[in-house]
Amino acid sequence: MSKITTELLLERAVPRSTRLRKIETLNLSKLQLKTGDLDPRLFSRLRHLQKLDLSDNLLDKFPNSLTLPDLRVLNCNNNKLEDVTALKQFPLLEELTYENNVYLTLNDDYKVIFLLQNLRLLNGKDITKLANQVRRVNSRKLTSKVTAHWEKFFRDQLPEKHTAEQVKSIRKKFLESVQTNVVYGPSSLSEFTRWRVKMIAEEFLSYSLGLELNTDPEPEEKMDENEDESAESPREAAEDMAQVTVTPGKRKRKHSKPRSRKKRSKSQANTKEEAAVNPRRSSRVQDDPAPEKPRTSDQPAKEAEQEAEETHKNGEQFPKGQSNRRSSNLTGEQKSQEQDNGVVNLTPVKNSKGKEDVSAEPLHFLQCHSKGNSREDFKTQLWSCVFEPLLDCGARKDPIVSSSRTVATCGGESVCLIDCETGTVLKKYKVATEEFFSVAWTTLTMVISDSRKKSHNILAAAGRRGIVKLIHVAADFCYGEIKAHKKPIATVCFSPTQETHLFTASYDKRIALWDIGIPDCDYNFKASQLLVLEALSIPLRLALVPPCPDQYLLAGCEDGCFAWDIKLDKEQKNRPFEAMFQFPDEDGAVTSSHRVDGLAFLNDDVVVSKSSKPGCIYLWSWSRSFDAKAKGCQRTVSAVMLAELEWSKTDLSYLTLSTCPAKAYVFCGDEKGSVWMYNLSNYTTAWSSAKGKRSDKRIPPTQILQWPELRANGEQLSEVLVNNVVSDPTFTYLVVLTSVNVTAIWKKS
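Treat the numbers as computed from the prediction; the structure is a model and nothing was measured.

**Observations regarding the state of the cysteines**
On inspection of all chains with the given rule, the structure shows zero disulfides. Looking at the unpaired cysteine 557, the closest cysteine sulfur is the one in cysteine 561, lying at 7.5 Å.

In structure tokens:
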């Protein structure tokens, strides 16, 4: 390792110098320098240094007292920087570059712009206009919000004559509350917003109210890394195409300047390619057995995207400086004056009784998986979506913070990350020869440098090729892949208790459990197969049993519903199913041979499944059904039914369901583009009792969200199948994936 000495500084000066105080330009690149090598006592002698190159080193942060009073230009490219706030010690800095520091995000760009008032160029881009927005407009709005929050919720809590203990308590509560509840701009800038809100709140308490700034200072809270990194909004590419409104927005992380949050309207999205083969139907895959009833609307459409993928080490990388990205806006602001513009017409949302219901409103209808960026692509099918977990909820229970608004969607050759509030496609990842069928999140504690650890969200994506892609979203980097199966993977899911354990269900009639390992700081990792669960038919849906996720796995398959023992304390690696469940059929008898294309847990015991009986969804008890198996030791057991939900009469398969356990909701789409919603909170208590009786009558939907009239190129979109519908954990947003390449986002009022 190179150590910095006086001789080294004199030698690396440009031009070489004989005295440190005379050096104006210094090149310390490619020396494998770490933070501890930057000796403040030595650097304090560089009083006239104006240009410093520290690129291609191993710096993870800056010491707080380098004392370079005249520094104007700083290059920190290709390091491992994690924080930029120490750069405020260089107030005269005018030009700064720190590209290829994978842990720095758009939030850091905004912090630097605010802290360095003289900064003109950031990563080679002029930031003059953005700087005004960040330093003035943004600050004014946040100050107004912080002040209003104090006036509304805290002013009356502080007595005129207050003690030091009361001041300490009210300060702590206010800082926690204001960071949680003051929201401004897109979620991709939430860390910067909270950072500024805390700063403004402390100044407000100190200068306006005379409360001590440093009384029991709170550590700055960590933010969701995905939100940090997903700050890029899509590239602007305004293009005039017939009767489809496009609103441009730039996507920039590398090689582009930071942008104002206001440049992207909430209905914008990227059009990109995608291909949809029905991952639930073996007829879509060569050499696989075909189901009895093909869906006429399942049209394979392999997509080819025009943007190049950056490659790095052993994986693909998210496009960083995105170009030629288009945002296809199928809806405007959903206002009445925009409904007659020939682009999109929305009909009122009605509930099952025909009355208008405003409990949920449509926010965005996005075409972000288009084949070849084509606005004419209404054939690509979308299959899976899952909300990103938050990295730091801590003790904060506020629903604004306990639930993410970023969702990953997949279909065709691409995986997209979408901000549900703004409708912005934050990131897009594609593999030209892939057709993605499923995505799943996990949070890994990774070693980043100097043996320090940090939590990061990892996205797994899989599909037709039988390969699992592992994507470190915060770093815009697909760091590896697992060749899990020789046939397509229908669905994947992570264990909620073992962060590295991933289940993959394949058309080869096997479910594999993998330990994906934890990548080191160079993204080296080792994956290993732990179990292989043998199925009698293609597994379509997976559900780990909530009370014992390390012990039992449920799977809905083409030919039934099965349970496996997945405990790893046994030597047997290949395992047959433990139990097969029987359900009522159309004739009133019971059957175990039926396609189960919808499966989820409503709570720790109640299973929701959709299978052989048209027009209904089953709710049944896991514990009572499996207990019956234990008593008789038989492999085939009857599911203990709790209720049936009234649903569409369609005989189409692969329209899957989902649940929101926190709100006791069940969601399922139909063949007409509608979403059936069931609020079962009034039933769960009765079902949980040991002798809970079955509901005799079918439970009707609480509400049906009807598909609005969407028009593109003057024609109404028709034959819309809802392949999947998922809510975030707090049921704030509802994401609907369709067979016509449209992602619909609803928001609960």
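Read on, since the account is not over.
**Some remarks on a positive patch on the surface**
The grouping of Arg19, Arg21, Lys22 and Arg47 at the surface amounts to a positive patch. With respect to the helices, strands and loops of the structure, arginine 47 is situated in the loop between helix H2 (40-43) and strand E2 (51-53). Look at arginine 47 and you get exposed, because its relative accessible area is 56%.

**A short note on the packing of helix H4 (residues 128-153) against helix H5 (residues 164-181)**
Packing of H4 against H5 leaves a shortest axis separation of 10 Å and a crossing angle of 130 degrees. The angle between H4 and H5 places the two elements in the oblique class. Read as a crossing pair, H4 and H5 show a hand that is right-handed. Of the residues in H5, those in contact with Val146, His149 and Trp150 of H4 are Ile170, Phe174, Ser177, Val178 and Asn181. Looking at the contact of H4 with H5 residue by residue, the class counts come to five nonpolar, three polar and no charged.

**Here's the deal with the sheet that holds strand E4 (residues 95-97)**
Read across the sheet, six strands follow the order E1-E2-E3-E4-E5-E6 without closing on themselves; strand pairing throughout is mixed. Two strands lie at the open edges of the sheet, namely strand E1 (25-27) and strand E6 (125-126), each paired on one side alone. Here E2 runs beside strand E3 (residues 73-75); their pairing, made up of three bridges, is parallel. Its bridge partner being in E3, aspartate 53 is matched across the sheet by asparagine 75.

**Observations concerning unusual backbone geometry**
Here the amide bond leading from valine 14 into proline 15 is cis, since omega sits at -5 degrees, within 30 degrees of zero. Mapped onto the secondary structure, proline 15 falls in the loop between helix H1 (6-12) and E1. At aspartate 56, a residue that is not glycine, the phi angle is positive and equals roughly 60 degrees. Mapped onto the elements of the fold, aspartate 56 is located in the loop between E2 and E3. A relative accessible area of 27% means that aspartate 56 is categorised as partly exposed. Backbone geometry at asparagine 123 places phi at a positive 50 degrees, although glycine is not the residue there. Within the fold, asparagine 123 resides in the loop between strand E5 (121-122) and E6.

**Side note on the pattern of salt bridges**
Tallied over the entire structure, the rule returns 20 salt bridges. A salt bridge links lysine 747 to glutamate 421, with the shortest nitrogen-to-oxygen separation between them at 2.9 Å. Of this pair, lysine 747 sits in strand E43 (residues 743-748) while glutamate 421 sits in the loop between strand E14 (414-419) and strand E15 (424-430), and the two are 326 residues apart along the sequence. For lysine 747, a relative accessible area of 22% corresponds to the partly exposed category. A salt bridge links glutamate 644 to arginine 698, with the nearest nitrogen and oxygen atoms 3.0 Å apart. Of this pair, glutamate 644 sits in strand E34 (residues 640-646) while arginine 698 sits in the loop between helix H10 (684-688) and strand E38 (703-705); the two residues are 54 residues apart in sequence, bridging distant segments of the chain. Taking the relative accessible area as the measure of exposure, glutamate 644 reaches 7% and is therefore buried.

**A word on the pairing of strand E19 (residues 477-483)**
Counted residue by residue, E19 has five buried out of seven residues, so it is predominantly covered. Sheet topology note: the strand E18 (residues 467-472)/E19 ladder contains six bridges and is antiparallel. When the bridges of E19 are listed, valine 468 appears paired with isoleucine 482. What sits between the antiparallel neighbours E18 and E19 is a turn of four residues, in which aspartate 476 has the positive phi angle 55 degrees.

**Considerations on the packing of helix H3 (residues 106-115) against H4**
Between H3 and H4, whose axes approach to 9 Å, the crossing angle comes to 80 degrees. By the criterion of interaxial angle, the relationship of H3 to H4 is roughly perpendicular. Contact residues: Tyr110, Ile113 and Phe114 in H3; Leu130, Ala131, Val134, Arg135 and Ser139 in H4. Grouping the constituent residues of the contact of H3 with H4 by class yields six nonpolar, one polar and one charged.

**Quick word on the packing of aromatic side chains**
Counting across every chain of the model gives 27 aromatic pairs. A ring pair is formed by phenylalanine 154 and phenylalanine 174, whose centres lie 5.3 Å apart and whose planes are at 75 degrees; its orientation type is edge-to-face. Taken as a pair, phenylalanine 154 in the loop between H4 and H5 and phenylalanine 174 in helix H5 lie far apart in primary sequence, 20 residues in all. Among the residues examined, phenylalanine 154 registers a relative accessible area of 6% and is labelled buried. Judged by centre distance (5.9 Å) and plane angle (35 degrees), the ring pair of phenylalanine 192 and tryptophan 195 falls under tilted. Within this pair, phenylalanine 192 and its partner tryptophan 195 are both found in helix H6 (residues 190-208), separated by three residues, close to a single helical turn. Here phenylalanine 192 matches tryptophan 195 in class, with each residue buried. Members of the aromatic cluster, joined through ring pairs, are Tyr552, Phe581, Phe583, Tyr618, Trp620, Trp622 and Phe626. The residue whose ring lies beneath arginine 196 is phenylalanine 114, and the NZ or CZ to ring-centre distance is 3.8 Å. One Lys or Arg, arginine 635, reaches over the ring of phenylalanine 577 and ends 4.0 Å from the middle of that ring.

**Remarks on the sheet that holds E38**
Reading across from one edge, E35-E36-E37-E38 is the order of the four strands in this open sheet, with antiparallel pairing throughout. Looking along the sheet, the strands with just one partner apiece sit at the ends: strand E35 (657-660) and E38. Across this sheet, the average inter-strand angle for adjacent strands is 20 degrees, counted without regard to direction. Note that E35 and strand E36 (residues 665-669) share four bridges and pair antiparallel. Each bridged residue has a counterpart across the sheet, and for leucine 657 the counterpart in E36 is cysteine 668.

**Comments concerning the pairing of strand E22 (residues 510-515)**
Along any regular strand, the residues point their side chains to alternate faces of the sheet. The pairing of strand E21 (residues 501-506) with E22 spans five bridges and is antiparallel. Directly across from phenylalanine 503, in E22, lies its bridge partner leucine 513. What sits between the antiparallel neighbours E21 and E22 is a turn of three residues, in which lysine 509 has the positive phi angle 65 degrees. Two elements, E22 and strand E23 (residues 528-534), share six bridges in a ladder whose sense is antiparallel. Bridge pairing in E23 places tryptophan 514 opposite glutamine 529.

**Quick notes on H4**
One turn of the α-helix equals 3.6 residues, which is why residues spaced by three or four share an orientation. Here H4 spans 37 Å end to end across 26 residues, near enough to the 38 Å set by a 1.5 Å rise per residue. The principal kink in H4, of about 30 degrees, is found at serine 139.

What counts, and where the lines are drawn
Residues numbered from 1 in each chain as written. Predicted model: local features only at pLDDT ≥ 70, side-chain atom pairs only at ≥ 80, totals over all residues. Heavy atoms only, no water. Disulfide = S-S within 2.5 Å. Patch = residues over 30% accessible without salt bridge, like charges linked within 9 Å, V, L, I, M, F, W, Y side chains within 5 Å. Areas by Shrake-Rupley, 256 points an atom, 1.4 Å probe, with all protein chains shown as cover. Salt bridge = Lys/Arg side-chain N within 4 Å of Asp/Glu carboxyl O. Lys, Arg positive; Asp, Glu negative; His and termini not counted. Charge placed at Lys NZ, Arg CZ, Asp CG, Glu CD. Helix = DSSP H or I, 4+ residues; strand = E, 2+ residues; numbered from the N terminus. Buried < 20%, exposed > 50% of the residue type's maximum accessible area, 1.4 Å probe, protein only. Axes fitted to C-alpha atoms, helices over the stretch in contact; angles between N-to-C directions. Parallel < 35°, antiparallel > 145°, perpendicular 65-115°, else oblique. Left-handed = near helix turned anticlockwise from the far one by under 90°. Contact = heavy atoms within 4.5 Å. Nonpolar A, V, L, I, M, F, W, Y, C, P; charged D, E, K, R; others polar. Pairing = 2+ DSSP bridges. Phe/Tyr/Trp six-rings, centres within 6.5 Å; stacked < 30°, edge-to-face > 60°. Lys NZ or Arg CZ within 6 Å of the ring centre and 35° of its normal. Expected span 1.5 Å × (residues − 1). Bend = angle between axes of the 7 residues up to and from the residue.

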